[in-house]
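What follows is the residue order along each chain.
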Amino acid sequence: MDINESPVYLLLNPAINHSQKDLPVTIYESELHVIDGGPQLIFVKSNYTIETVEAERISVDHVAHLKPSDGGSAATQLAAHLTGIHSAIKMLNSRVRVIQQYLGAMQKGDIPLDNSLLRQVSSLVRRLPAMESEKFQDDFLTEYNDTLLMTYLAMFTNCSSTMNELVEKFNTTYERSPARRGGRGAFM
């Protein structure tokens, strides 16, 4: 409760049941109830649905088909990863705009108040101040710098690989040239 005001309890059933099509997961949401004249936090079973969007499917497909480090260039894999992250951020931004427009319409009175939805939005908003902490800023900058470093390393690796191929071609051409065998070369 010190870390999160509205905890969620996730119960995973490790027993394998091949006939069951749903995930073996039960989710309990915390609710405040008055019991024996005093407030008490209890967990109530909550229904859930799993929805995916295009960005998530792309990300899962990307992770499922990741090549080993020798099966493709690091720059290509990093570019695909960053593209997936960019798509996910765009999707998050569009969803936040939808919530903002809905709340604005609710405030103007265009649509009726929905207290359940307001509680859910309030719960989401309460989590945001944690991102303004100094620890978050330090972690964010560390991740950002690590990403930049990986990008630079991938670029340098790609450049050195290209340079190595060029040197090998030059050496092969030089070894086959007439100048190498004692004749006149093209550059002489």
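Numbering of residues starts from 1 in each chain and follows the order in which that chain's sequence is written. Only residues with pLDDT of at least 70 are given local features in this predicted model, and only at 80 or more are side-chain atom pairs given and counted; all residues enter the totals for whole chains, interfaces and linings. Note that water and hydrogens are dropped before the side-chain values are worked out from all heavy atoms of the structure.

The protein chain appears in an unreviewed UniProt entry as COP9 signalosome complex subunit 6 from Aegilops tauschii subsp. strangulata. UniProt positions are given in the numbering used here, feature names are shortened, and annotations may be inferred rather than shown by experiment. In its Function (unreviewed entry) section, the UniProt record describing the protein chain reads: "Component of the COP9 signalosome complex (CSN), a complex involved in various cellular and developmental processes."

**Details of the layout of surface pockets**
The method works on a 1 Å grid over the protein atoms by themselves. A cavity is a set of points holding a 1.4 Å probe that cannot get out, a pocket is an open set with protein on both sides within 12 Å along at least five of seven lines, and residues with an atom within 4 Å of a point line them. Grid points are joined across faces, edges and corners, and a volume is the space filled by probe spheres set on the points. Taken as a whole, the largest pocket holds about 1300 Å³ of empty space. As for the largest pocket, its lining consists of 32 residues, of which Glu29, Gln120, Ser123, Leu124 and Arg127 are closest to the centre. Every helix listed is a DSSP run of H or I at least four residues long, and every strand listed is a run of E at least two residues long, numbered separately from the N terminus. Residue assignment for the lining of the largest pocket shows that the elements contributing at least two residues are β2 (25–35), β3 (38–46), α2 (74–108) and α3 (115–127). Per-element tally for the lining of the largest pocket: the top contributor is α3, with ten residues. Three classes are used: nonpolar for Ala, Val, Leu, Ile, Met, Phe, Trp, Tyr, Cys and Pro, charged for Asp, Glu, Lys and Arg, and polar for all others, with Gly counted as polar. Partitioning the lining of the largest pocket into residue classes produces 14 nonpolar, nine polar and nine charged. Residue ranges assigned to each domain were obtained from an automatic or database domain assignment. Shared between two domains, the lining of the largest pocket holds at least three residues of each, these being domain 1 (8–46) and domain 2 (75–128).

**Section: a nonpolar patch on the surface**
Residues forming no salt bridge and having over 30% relative accessible area are the ones grouped into patches, like charges within 9 Å of each other and nonpolar side chains (Val, Leu, Ile, Met, Phe, Trp, Tyr) within 5 Å. Surface exposure here means Shrake-Rupley accessible area, sampled with a 1.4 Å probe, where a residue is shielded only by the protein chains that are shown. Between Lys or Arg on one side and Asp or Glu on the other, a salt bridge is scored when a side-chain nitrogen of the former is within 4 Å of a carboxyl oxygen of the latter. A contiguous nonpolar surface patch, about 390 Å² in accessible area, is contributed by Phe136, Phe140, Leu141 and Tyr144. Mapped onto the elements, Phe140 comes out in helix α4 (residues 134–176). On the basis of relative accessible area, Phe140 is assigned to the partly exposed category, the value being 44%. Here's how the labels work: a residue is buried when its accessible area is under 20% of the maximum for its type, exposed when over 50%, partly exposed in between, all with a 1.4 Å probe on protein chains only.

**So, the pairing of β3**
As a general feature of sheets, a regular strand has side chains that alternate between the two faces. A pair of strands is considered paired only if DSSP assigns at least 2 bridges between the two. Looking at chain direction, β2 and β3 are connected through nine bridges and run antiparallel. Paired with His33 across the strands is Gln40, a residue of β3. Where β2 folds back onto β3 in an antiparallel hairpin, the turn is made up of two residues, including Asp36, whose phi is positive at roughly 55°.

**Some words on the pairing of strand β1 (residues 8–12)**
Counted residue by residue, β1 has zero buried out of five residues, so it is predominantly exposed. Direction of pairing for β1 relative to β2: antiparallel, over a ladder of five bridges. For Leu11, the partnering residue across the bridge sits in β2 and is Thr26.

**Looking at the side chain of Ser30**
Of note, Ser30 is situated in strand β2. Whenever two N or O atoms come within 3.5 Å, that pair is a polar contact, provided that in protein one can donate a hydrogen and the other can accept it, and provided that, for residues adjacent in sequence, both atoms are side-chain atoms. Among the polar contacts listed, one links the side chain of Ser30 to the backbone oxygen of Pro7, at a separation of 3.0 Å.

**A look at the pattern of salt bridges**
If you walk through the whole model with that rule in mind, you get one salt bridge. Across the salt bridge formed by Asp139 and Lys135, the nearest N and O atoms sit 2.9 Å from each other. Separated by four residues within a single helix, Asp139 and Lys135 lie in helix α4, roughly one turn from each other. Lys135 gets classed as exposed once you look at its relative accessible area, which sits at 57%.

**Comments concerning the packing of aromatic side chains**
Any two rings among Phe, Tyr and Trp, with Trp reduced to its six-membered ring, count as a pair given centres within 6.5 Å; such a pair is stacked if its planes are under 30 degrees apart, edge-to-face if over 60, and tilted if neither. Tallying each qualifying case throughout the model produces three aromatic pairs. Arranged with centres 5.9 Å apart and planes meeting at 40°, the rings of Tyr9 and Tyr28 form a pair that is tilted. With Tyr9 in strand β1 and Tyr28 in strand β2, this residue pair connects regions lying 19 residues apart in the sequence. Judged by relative accessible area, which is 43%, Tyr9 ranks as partly exposed. By relative accessible area, Tyr28 is classed as partly exposed at 23%. A centroid spacing of 6.3 Å and a plane angle of 15° characterise the contact between Phe140 and Tyr144, whose relative ring orientation is stacked. With Phe140 and Tyr144 both in helix α4, this residue pair falls four residues apart, about one helical turn.

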